[in-house]
Amino acid sequence: QSGSSLRIVSAALKQGQITPTELCQKCLSLIKKTKFLNAYITVSEEVALKQAEESEKRYKNGQSLGDLDGIPVAVKDNFSTSGIETTCASNMLKGYIPPYNATVVQKLLDQGALLMGKTNLDEFAMGSGSTDGVFGPVKNPWSYSKQYREKRKQNPHSKNEDSDWLITGGSSGGSAAAVSAFTCYAALGSDTGGSTRNPAAHCGLVGFKPSYGLVSRHGLIPLVNSMDVPGILTRCVDDAAIVLGALAGPDPKDSTTVHDPINKPFMLPSLADVSKLCIGIPKEYLVPELSSEVRSLWSKAADLFESEGAKVLEVSLPHTSYSIVCYHVLCTSEVASNMARFDGLQYGHRCDIDVSTEAMYAATRREGFNDVVRGRILSGNFFLLKENYENYFVKAQKVRRLIANDFVNAFNSGVDVLLTPTTLSEAVPYLEFIKEDNRTRSAQDDIFTQAVNMAGLPAVSIPVALSNQGLPIGLQFIGRAFCDQQLLTVAKWFEKQVQFPVIQLQELMDDCSAVLENEKLASVSLKQ
């Protein structure tokens, strides 16, 4: 099984060891083989093959567009794709075909990437399990890995195998499963409160949330405009940096993008001197719900930096305990406002009731949205009522400023990056996950990730090790605003130290010729 990275396969394309069409066909056959994971809502086979053909011509003429030319990628189904159905995993947008591409999608295509398809998610990206979309839940590829299965055999209590599959986390679970199962080399997610970092942690991937304003949101169907950021899922840090280089930059169509502080295209430098680093450990993140395994890995990671001469400081983010309720108020308020556009008039689902406009609106929204989305709309409209506005929305905005200032103060105290857990525990079985309601789960699952969105900072989840059950655990690094490059440089150094194992899906892929046969590729990739 090749753990082949984007950078390695890009070099293979340039040297002519493999053609874009061959690569595309390999990924397409893996998509078919792993269909049961439910990672994709739409597979854009014809589009991808046509793009591969064009890429091949460019390579033949020595006119490659760069590192992404001919590279298979996948895109979460809440980014608009011209001519390709974009559903947000909701009945409300089933059959909706956008007339334009999201800026990030356009940038990937301009660099020659191949669009394999649109990936599954929680409906309108509201959730932390990728279990609530109208197309059904996404299964975590690690449920079928050799590492997990062997640990399960040792456990005499393991129940029926088929119903025991694990969630991917969410809401970008389809993108995470797609990359984790080798069906593409990078995928776009979105991240409003952790929706890229959470599934990355559960699927053993790098999940990067850029600084707010670094990457355009134009064409990302909005959930919370002031917190949404397009996210990047890859198998290693270098790959995330390559994709970020392609995506970053101002966009006249998104007034919240800032002038591009990233030197593009950029290769991440090696960390010159770890001993000059100062790593902050937020003491408020040591919560009782944190599993002992994650806690121990977090502590070992801090020790690793210390043993290499870095300074490790405990820091305080005093308003952390208010972040969940503050996030809930702001998130639902913006959701209520954003969801008003789905009224059955211009696009998307429309019910058959024509008694009155009001009746049509109500029935359309009742049929089009699931209970999670409807619940958030109701909450948000409550917080925005004239008599509640000052007590809820305005107060939450003030608390949000305090939370953002906590981070500023931590960084001003000399800390370069913060090191925290990404999730409370490893991935849980689906049957266990659905016992709790979506709101409770999201509040728990986003505890370490959502404050970053409220503060607009860059953050990345890096896979660290396998748990006792053979499942991935990730840790999160948080950087100063717009120091995305420095953050990724530290993350790359850490990734190299921990040597996270490649997922072994042999049994899943045994009769599949689609795995890169080139053993040289596989061996090189593991040394990277």
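In the nomenclature of an unreviewed UniProt entry, the protein is known as Glutamyl-tRNA(Gln) amidotransferase subunit A, mitochondrial of Rhinopithecus bieti. In its Sequence similarities (unreviewed entry) section, UniProt records this for the protein: "Belongs to the amidase family. GatA subfamily."

1. Remarks on the UniProt feature "active site" (unreviewed entry) in the protein
Under the UniProt annotation, the feature "active site" (unreviewed entry) is placed at Lys76, Ser171 and Ser195. Across 120 residues, the annotated set stays spatially compact, with a maximum C-alpha separation of 11.0 Å. As for its position among the elements, Lys76 is in strand β2 (residues 72-76). Look at Lys76 and you get buried, because its relative accessible area is 0%.

2. Re the nonpolar core
Formed by 137 residues in total, the largest nonpolar core has its most connected members in Met116, Phe124, Phe305, Phe407 and Phe477. Per-element tally for this core: the top contributor is helix α8 (residues 237-247), with eight residues. Counting 17 residues, the second-largest nonpolar core is a separate cluster that includes Phe182, Ala427, Tyr430 and Leu505.

3. What to know about the pattern of salt bridges
Between side chains of opposite charge, pairing is possible as soon as their charged atoms come close. What the rule picks out here adds up to 12 salt bridges. Note that Lys60 and Glu56 form a salt bridge whose closest N and O atoms lie 3.8 Å from each other. Residue Lys60 and its partner Glu56 are located together in helix α3 (residues 45-60), separated by four residues, close to a single helical turn. Looking at Glu56, the relative accessible area reads 16%, which means it is buried. A salt bridge links Lys118 to Asp77, with the shortest nitrogen-to-oxygen separation between them at 2.9 Å. With Lys118 in strand β3 (residues 114-119) and Asp77 in the loop between β2 and α4 (103-110), this pair connects stretches of sequence that are 41 residues apart.

4. Concerning the pairing of strand β6 (residues 229-234)
Burial analysis of β6 places six of its six residues in the buried class, which makes it a mostly covered element. Because side chains alternate across β6, one face comprises the buried residues Val229, Gly231 and Leu233, and the other comprises Pro230, Ile232 and Thr234, equally buried. Note that strand β4 (residues 186-191) and β6 share six bridges and pair antiparallel. Counterpart to Ser190 in the pairing with β6 is Pro230. Where strand β5 (residues 206-209) and β6 come together, three bridges link them in antiparallel fashion. Looking at β6, one finds that Val206 is bridged to Thr234.

5. Considerations on helix α9 (residues 292-307)
Here α9 spans 22 Å end to end across 16 residues, near enough to the 22 Å set by a 1.5 Å rise per residue. Where α9 is concerned, the buried positions are Val294, Leu297, Trp298, Ala301, Ala302 and Phe305. Along the axis of α9, the buried residues cluster in a sector spanning 140°; they form a single face. Away from its buried face, by an angle of more than 90 degrees, α9 presents the exposed residues Ser292, Lys300 and Ser307. Of the surrounding elements, those touching the buried residues of α9 are β7 (278-282), β8 (311-315), β9 (417-421), β10 (459-466), β11 (472-478) and α17 (484-498).

6. Quick notes on the side chain of Thr81
Of note, Thr81 is situated in the loop between β2 and α4. One polar contact links the side chain of Thr81 to the main-chain carbonyl oxygen of Ile84, over a distance of 3.0 Å. Separated by 2.9 Å, the side chains of Thr81 and Lys118 make a polar contact. With residues near it in sequence (within four places) discarded, Thr81 still touches Thr86, Pro98, Tyr100, Asn101, Val105, Leu115 and Lys118.

What counts and how
Residues numbered from 1 in each chain as written. Predicted model: local features only at pLDDT ≥ 70, side-chain atom pairs only at ≥ 80, totals over all residues. Heavy atoms only, no water. UniProt positions renumbered as here; feature names shortened; annotations may be inferred. Helix = DSSP H or I, 4+ residues; strand = E, 2+ residues; numbered from the N terminus. Buried < 20%, exposed > 50% of the residue type's maximum accessible area, 1.4 Å probe, protein only. Core = buried A, V, L, I, M, F, W, Y, C linked by side-chain atoms within 4.5 Å. Salt bridge = Lys/Arg side-chain N within 4 Å of Asp/Glu carboxyl O. Pairing = 2+ DSSP bridges. Expected span 1.5 Å × (residues − 1). Arc of directions from axis to C-beta. Contact = heavy atoms within 4.5 Å. Polar contact = N/O pair within 3.5 Å; in protein donor to acceptor, adjacent residues only side chain to side chain.

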